[in-house]
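Listed below, chain by chain, are the residues.
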Amino acid sequence: MNWKMQGGGPWGGGPRGPWGGGPQGGDGSPGGGRPKGGPRPPDFEEMLRRSQDRFRRVLPGGFRTGGGIALVAIAIFVIWLASGFYIVRPDEVGVVLRFGAYNRTTEPGLNYHLPDPIETVYTPKVTRVNRINIGFRTEESASGVRVRGRDIPSESLMLTGDENIADVNFAVFWFIKDAKAYLFNIRAPEHTVKAAAESAMSEVIGENPLAMELSAGRATIEAETRKLLQHLLNDYHAGIEITQIQLQRVDPPTPVIPAFQDVQAALEDRVRLRNEAESYAHDIVPRARGKAAAIIQAAKGYQQKVVAQADGDAARFDKVYSAYAAAKEITRRRLYIDMMEKILEDSNKVIIDKSAQGAGVLPYLPLPALKTGTAPAPAPASEGNSPAQGGHAR
């Protein structure tokens, strides 16, 4: 029998075609069969039939009954409801959204929400302290320890209050205070914290001189920056609490460090010389003031002495005048004697007896020396000039 007689001819509905395929190809056109031994397309009808047979064996009463379909629907619904159970860990809090809008907040533990797409849940970690590095990045070493990596000049270079440039690296530590505000009030929370921290640090650095920032002002800068950054985030209603601002490094830019060191050395020398000058001034000024006070006191003492002496002389003159008025002759003699006593008191005197004139050289009698007890022995009198012969000195 030729092939035309098998199954009603080449285009008939016989079971096989001329190449061993079905009566039609995969696209339903006649002659679409493939040569014997080639790949055949999957028989979807056969796969569906086999799946129905499996369901008939599993479901009681057969798959064709309405009770089996209902049971399958119930099972699917139960599984869908069970998918709403979720666990909130101790360091998390659950935020439930219903049709995309905030509904409630759940505590740690096993909780339930209506399955998707009715309700969804977010579980942010609210007790973990997060860290953001600004001005630098850290890298993990071969031993697993995170070490300082590359610097980011676009974040770290800031202008100071005295118009210098400072290279500031710092870290921001923060945690989620209000999960609802954190999730819905800001977009990209970490980027928001980073940008706000850069702005706050730039403002604080711009209000202080570089010398203060390099020395004892680091704690003040950290406190002021934390306060300003928290104020900014509160204005954003970000639900974030800043725990600490930690300065890692505050230095001049690397290319100008030698010049900056020279400037700092000159400033230190200026302070040192000023302190030395102030110390010298504190030493010499009190001395000069003491000497001036001593001179003034001496002048006042001399003034009082001269005035008192003048007053005494005037009083003495008055008394002398009163005595002179009472006894003029006696007073004149007394004044003469007193004056001669003053005149002759300190003068060298040689007394020669007028009656011994022409009798030769008289022996020298040093009366002032006799008064002090240092007079030399008198020379012996020559013959005819002895006191016994009528010549003597007084």
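Structure: see above.
Residues numbered from 1 in each chain as written. Predicted model: local features only at pLDDT ≥ 70, side-chain atom pairs only at ≥ 80, totals over all residues. Heavy atoms only, no water.

K.L.:
Can you break down the pattern of salt bridges residue by residue, with the values?
P.N.:
For the structure on display, the rule yields 16 salt bridges. Measuring nitrogen to oxygen at the nearest pair gives 2.6 Å for the salt bridge that ties Glu-119 to Arg-98. Within this pair, whereas Glu-119 is found in strand S5 (residues 119-122), its partner Arg-98 is found in strand S2 (residues 94-98), the two being separated by 21 residues in sequence. On the accessibility criterion, Glu-119 (1% relative accessible area) is buried. For Glu-241, the salt bridge identified is with Lys-177, shortest N-O distance 3.7 Å. (Salt bridge = Lys/Arg side-chain N within 4 Å of Asp/Glu carboxyl O. Helix = DSSP H or I, 4+ residues; strand = E, 2+ residues; numbered from the N terminus. Buried < 20%, exposed > 50% of the residue type's maximum accessible area, 1.4 Å probe, protein only.)

K.L.:
Describe the pairing of strand S6 (residues 130-134), listing the residues and the values that go with them.
P.N.:
Burial analysis of S6 places four of its five residues in the buried class, the great majority of the element. Here S6 pairs with strand S10 (residues 165-176) via five bridges, running antiparallel. Following the sheet pairing, Ile-134 is matched in S10 by Phe-170. (Pairing = 2+ DSSP bridges.)

K.L.:
Which residues make up the packing of helix H8 (residues 257-326) against helix H9 (residues 328-344), and what are the values?
P.N.:
Axis separation between H8 and H9 bottoms out at 6 Å; the angle between their running directions is 135°. By the angle between their axes, H8 is oblique relative to H9. The residues of H9 that touch H8, namely those facing Val-320, Ala-323, Tyr-324 and Ala-326, are Lys-328, Thr-331, Arg-332 and Leu-335. Looking at the contact of H8 with H9 residue by residue, the classes come out as five nonpolar, one polar and two charged. (Axes fitted to C-alpha atoms, helices over the stretch in contact; angles between N-to-C directions. Parallel < 35°, antiparallel > 145°, perpendicular 65-115°, else oblique. Contact = heavy atoms within 4.5 Å. Nonpolar A, V, L, I, M, F, W, Y, C, P; charged D, E, K, R; others polar.)

K.L.:
Describe the packing of helix H5 (residues 189-205) against helix H7 (residues 218-236), listing the residues and the values that go with them.
P.N.:
For the pair H5 and H7, interaxial distance at closest approach is 9 Å and the crossing angle is 135°. As far as their axial angle goes, H7 and H5 are oblique. The two elements H5 and H7 meet at a crossing, and its hand is right-handed. Each of Thr-192, Val-193, Ala-196, Ala-197, Ala-200, Met-201, Glu-203, Val-204 and Ile-205 in H5 lies in contact with H7, whose residues at this interface are Ile-221, Glu-224, Thr-225, Leu-228, Leu-229, Leu-232, Leu-233 and Tyr-236. A breakdown of the residues in the contact of H5 with H7 according to their chemical character gives 13 nonpolar, two polar and two charged. (Left-handed = near helix turned anticlockwise from the far one by under 90°.)

K.L.:
Run through the packing of aromatic side chains, naming residues and quoting values.
P.N.:
The tally for this structure, following the rule as stated, stands at four aromatic pairs. Ring plane angle 35° and centroid distance 5.8 Å describe the contact between Phe-77 and Trp-80, whose orientation is recorded as tilted. Here Phe-77 and its partner Trp-80 are both found in helix H2 (residues 66-82), three residues apart, which amounts to about one turn of the helix. Looking at Phe-77, the relative accessible area reads 46%, which means it is partly exposed. Take Trp-80: its relative accessible area is 30%, and that puts it in the partly exposed class. (Phe/Tyr/Trp six-rings, centres within 6.5 Å; stacked < 30°, edge-to-face > 60°.)

K.L.:
Can you lay out the sheet that holds strand S3 (residues 101-106) for me, pointing to particular residues and giving the numbers?
P.N.:
One key point about sheets: their strands pair by backbone hydrogen bonds, in either a parallel or an antiparallel sense. Strand order across the open sheet formed by three strands is S3-S2-S5, with antiparallel pairing between neighbours. A strand with exactly one partner marks an edge of an open sheet, and here the two such strands are S3 and S5. Each strand of the sheet is rotated relative to its neighbour by a mean of 30°, with strand direction disregarded. In this structure, S2 lies alongside S3, joined through five bridges in antiparallel fashion. Its bridge partner being in S3, Val-95 is matched across the sheet by Thr-105.

K.L.:
A description of a nonpolar patch on the surface should follow, citing residues and the corresponding values.
P.N.:
A surface patch of nonpolar side chains, about 520 Å² in accessible area, is lined by Phe-85, Ile-87, Leu-110, Tyr-112 and Leu-114. Counting only elements with at least two residues in the nonpolar patch, the list comes to strand S1 (85-88) and strand S4 (109-112). Within the secondary structure, Leu-110 sits in strand S4. (Patch = residues over 30% accessible without salt bridge, like charges linked within 9 Å, V, L, I, M, F, W, Y side chains within 5 Å. Areas by Shrake-Rupley, 256 points an atom, 1.4 Å probe, with all protein chains shown as cover.)

K.L.:
Which residues make up H5, and what are the values?
P.N.:
If you check H5, its first and last C-alpha atoms are 24 Å apart, about what 17 residues at 1.5 Å a residue would give, namely 24 Å. Among the residues of H5, those classed as buried are Pro-189, Thr-192, Val-193, Lys-194, Ala-196, Ala-197, Glu-198, Ala-200, Met-201, Val-204 and Ile-205. (Expected span 1.5 Å × (residues − 1).)

K.L.:
Please set out the side chain of Glu-119 residue by residue, giving values where relevant.
P.N.:
There is a polar contact of 3.3 Å between the side chain of Glu-119 and the side chain of Arg-104. With residues up to four places along the chain from it excluded, the contact list for Glu-119 reads Val-96, Leu-97, Arg-98, Asn-103, Arg-104, His-113 and Leu-114. (Polar contact = N/O pair within 3.5 Å; in protein donor to acceptor, adjacent residues only side chain to side chain.)

K.L.:
Summarise the environment of Ser-156; cite the residues concerned and give the values.
P.N.:
Relative to the assigned elements, Ser-156 resides in helix H3 (residues 153-156). A relative accessible area of 1% places Ser-156 in the buried class. Taking the C-alpha atoms as reference, Ser-156 lies 8.5 Å from Glu-198; in sequence the two are 42 residues apart. In this structure Ser-156 touches Gly-135, Ala-166, Asp-167, Val-168 and Asn-169, once residues within four positions along its chain are discounted. A polar side-chain atom of Ser-156 sits 2.8 Å from a polar atom in the side chain of Asp-167.

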